[in-house]
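# Architecture and fold: a report
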Amino acid sequence: MTSFSIPPVTLVLGGARSGKSGYAEKLVESQPGDWVYLATATAGDDEMTERIRLHRERRGEGWRTHEEPLALSTALQAQAKADTVILVDCLTLWLSNILFSELNVDSEVDRLLGCLPGLCGPVVFVSNEVGLGIVPGDALSRRFRDDAGRLNQALAAVADSVVFVAAGLPLRLKPAAS
């Protein structure tokens, strides 16, 4: 059995290019055992293909990568082991995939939250905080913003640790700094 210094569930939030993924990767790399990168992104165009390549390059050796754009709870259950730390990057891309696949967001979020207590090793989630900007101009974008906010709140409620990253600097939200 591996001894981890991070809690069972950690949520790392931040805006675009805030440094949240890099922070989460370093957090996982600070732990013993195997590191699994559960990727939710799909390479739908050249720009996204390049983003995915850069993420892989930045991680380097030592990571096992599994791509799962939709069945996140199933993938977590399959990859979770007592000697493994899982990084899910990212929840907002997963949410986009759910919306575009016309799956029921509430059911998928419930499935994700429901699987967490049974996982053997720790999991670190990365998610975008999209509610800090202007109100989106179309219904789908507003729905995404609202669903992302509810997803982040639901996961933060059950997470043992929540960190907000801005300008590359982590701010611990939960547990509160003493």
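Preceding this section is the structure that the text describes.
### Overview of the pattern of salt bridges
Side-chain pairing between opposite charges can occur once the charged atoms of the two side chains come close. Counted by the stated rule, this structure contains five salt bridges. The closest approach of N and O atoms between Glu 50 and Arg 53, which form a salt bridge, is 2.6 Å. Pair noted here: Glu 50 and Arg 53 are both in helix 2 (residues 46-59), with a separation of three residues, about one helical turn. A salt bridge links Arg 150 to Asp 147; the nearest nitrogen and oxygen atoms lie 2.7 Å apart. Taken together, the residues Arg 150 and Asp 147, both in helix 6 (residues 139-158) and three residues apart, mark about one turn of the helix. Residue classification places Arg 150 among the partly exposed residues on the basis of a relative accessible area of 49%. Judged by relative accessible area, which is 8%, Asp 147 ranks as buried. Within the structure, one salt-bridge network assembled from shared partners comprises Arg 143, Asp 147 and Arg 150.

What counts, and at which threshold
- Residues numbered from 1 in each chain as written.
- Predicted model: local features only at pLDDT ≥ 70, side-chain atom pairs only at ≥ 80, totals over all residues.
- Heavy atoms only, no water.
- Salt bridge = Lys/Arg side-chain N within 4 Å of Asp/Glu carboxyl O.
- Helix = DSSP H or I, 4+ residues; strand = E, 2+ residues; numbered from the N terminus.
- Buried < 20%, exposed > 50% of the residue type's maximum accessible area, 1.4 Å probe, protein only.

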